[in-house]
Structure formats: C-alpha cells, structure tokens
Amino acid sequence: MAVERTLAIRTPHWYSNNMRTAITKMALTSIWGCVLVFALLPIVGVGEYTLQWPGTWCFISTGDGQITGNTFFASTFAILGICSLIVTFACNAVTIKALVSRCKAKPAASQSGKQWERLTVETVIQLMGIMCVLFACWSPLLIMMLKMISTQTSSHQCKQTSSSLLQNVELQKDCNFFLTAIRLASLNQILDPWVYLLLREILLRKFCQVANAVSSCSMERNKETPISADSKQQTADMGGSPKQKVVFCECNLYSI
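Residues numbered from 1 in each chain as written. Predicted model: local features only at pLDDT ≥ 70, side-chain atom pairs only at ≥ 80, totals over all residues. Heavy atoms only, no water.

Student: I'd like a rundown of a nonpolar patch on the surface, residues and numbers included.
Tutor: A cluster of nonpolar side chains, contributed by Leu184, Leu187, Ile190, Leu191, Trp194, Leu197 and Leu198, occupies part of the molecular surface with about 610 Å² of accessible area. The residue tryptophan 194 is located in helix H7 (residues 169-198) in this model. (Patch = residues over 30% accessible without salt bridge, like charges linked within 9 Å, V, L, I, M, F, W, Y side chains within 5 Å. Areas by Shrake-Rupley, 256 points an atom, 1.4 Å probe, with all protein chains shown as cover. Salt bridge = Lys/Arg side-chain N within 4 Å of Asp/Glu carboxyl O. Helix = DSSP H or I, 4+ residues; strand = E, 2+ residues; numbered from the N terminus.)

Now the structure itself:
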C-alpha cells in the first residue's frame, strides 16, 4: 500500500496509464501466494511452529538449531519484516514530501489551494500516525526475534527457566519481553482503522475546540478571587451572580 501510494502521488500520469485493475489483482495474488508458501514451509520440514511461553500461543521457534531450516525460517521472517518497515517508512516519507511540495505550489488564496491544503494536512497526519503505530507494534517483536536467534534462545528454555526458580534472570526478561512484543504486534490490526478514523480533520478540529474551551474555563476559574461581603452585595445589587463566569464556560463547552 505504501509503494502504491507513493507511485500515485509522485507519478500520477504513469500510475493512471499503467496500473490497471488486472495488474493490481495479479500483484496481490502473487504476494498472497508467496506469503502462503512461506507460511507453509514448516509443513515440508523447514522451520517449526511451537507452543510459546507461557503456553498460551504458538509462533515461529527462534532457538531450536537442531530443527532443519529453523534458523533460516525465523531469520527470514524477521529480516523481511524489518525490510517491510524500512520500505514503508521510506515510501511514506517520500509521499509526505511530495504532498507538502505540491501544496506549496498551489495558490494559497484560491479555493482549490485551501481545499488541497486541508487534504494534505489530514493525509500527512494520518501517514505519520500509521508509521508510529506500525513501528511501535512490530519493531520490538522483529528485533527481539533476531536477538533470540543470535543467542539460540527458544521457548523451551523459557519453560525450563520458569520451572527452575528463575535461575537465569536475563533469559526470563527476554521471555517476558517476547510475550509483550507479540501482544503489541497483535494490536496493530486493531489500531490501524482507528488511526484513520480519529485522525480526520473534522475530529481534530473538534478536539481543538474542546481543548480551547477547557483551557478558557480553567483560566477564568484561576483568575477568580475570593469575594468579600461588600463585593457580594454589589453583585446582588447589579443583578449578577459570582458563578456566571463558570456557568458561561460550561455552556460554551457543552455547546461544541
């Protein structure tokens, strides 16, 4: 998706003339086929899926060197994942640069220029949000996999450590972090749609309005001073109330 987005923004004419529906379907089918073949490699004896510590989930075994092709299978998964992160980051950075450059080239006073500026700001914020979520969710797991592969640490050693009074503290920390990393990776599919939904211009504008209203009310309340009896009497004579400012702030906040 990041590569396609970059092609569409950087070379719109080439993209519209060459990227046909048939080509898109063929590319998606090829990617899905390669992923399926790679995922089924343990069935033919290359690598292995094992029950991971603490025995509640299954994943690629990272430290069983005696299993045929296990190091290759786990290393390939981690390296491909890191390469995907790098390519996604590079493509999104190029896309953001192209959008900003095109936005600056548009006349700011024209209606189309203002509309393009709003779309650019919204797209840039969404892309930055997606990149942050992607890196936060996947990079810990992929880096931890490479570390466990290099040290030949496996889930079986995690089980043995937990049953032997935690003699190896460093290994137990790796096991706990590996469990946390896989939980973060599983959150990526949940957080991605919410990034697109929440980081829209209309919602961001509403958030800013609510924040400004809350800030204004806080400043008004901080400016209030203790009211003496004479001040209360003067306020009553004028037909006012010392709580009008607070009520006014609350009305403004609820009216957004």
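Student: Explain the packing of helix H1 (residues 2-10) against helix H4 (residues 70-105) residue by residue, including any values.
Tutor: The relative placement of two packed helices is expressed as an angle between their axes plus a distance between the axes. Axis separation between H1 and H4 bottoms out at 9 Å; the angle between their running directions is 25°. In terms of axis orientation, H1 runs roughly parallel to H4. As for how H1 packs across H4, the hand of that crossing is left-handed. Note on element contacts: H4 touches H1 through Val87, Thr88, Cys91, Asn92, Val94, Thr95, Ala98, Leu99 and Arg102, opposite Ala2, Val3, Arg5, Thr6, Ile9 and Arg10. Its residues placed into classes, the contact of H1 with H4 shows eight nonpolar, four polar and three charged. (Axes fitted to C-alpha atoms, helices over the stretch in contact; angles between N-to-C directions. Parallel < 35°, antiparallel > 145°, perpendicular 65-115°, else oblique. Left-handed = near helix turned anticlockwise from the far one by under 90°. Contact = heavy atoms within 4.5 Å. Nonpolar A, V, L, I, M, F, W, Y, C, P; charged D, E, K, R; others polar.)

Student: Outline the layout of surface pockets, listing residues and values.
Tutor: In this model, the largest pocket occupies a volume close to 1,500 Å³. Lining the largest pocket are 35 residues, and of these Met1, Ile31, Val35, Ser84 and Thr88 sit closest to its centre. Breaking the lining of the largest pocket down by element, the ones donating at least two residues are H1, helix H3 (21-39), strand E2 (57-60), H4, helix H5 (111-150) and H7. At ten residues, the largest contribution of residues to the lining of the largest pocket is made by H4. Per-class residue counts for the lining of the largest pocket are 27 nonpolar, five polar and three charged. (1 Å grid on protein atoms, 1.4 Å probe; cavity = no way out; pocket = protein on both sides within 12 Å on 5 of 7 lines; lining within 4 Å. Points joined across faces, edges and corners; volume = space filled by probe spheres on them.)

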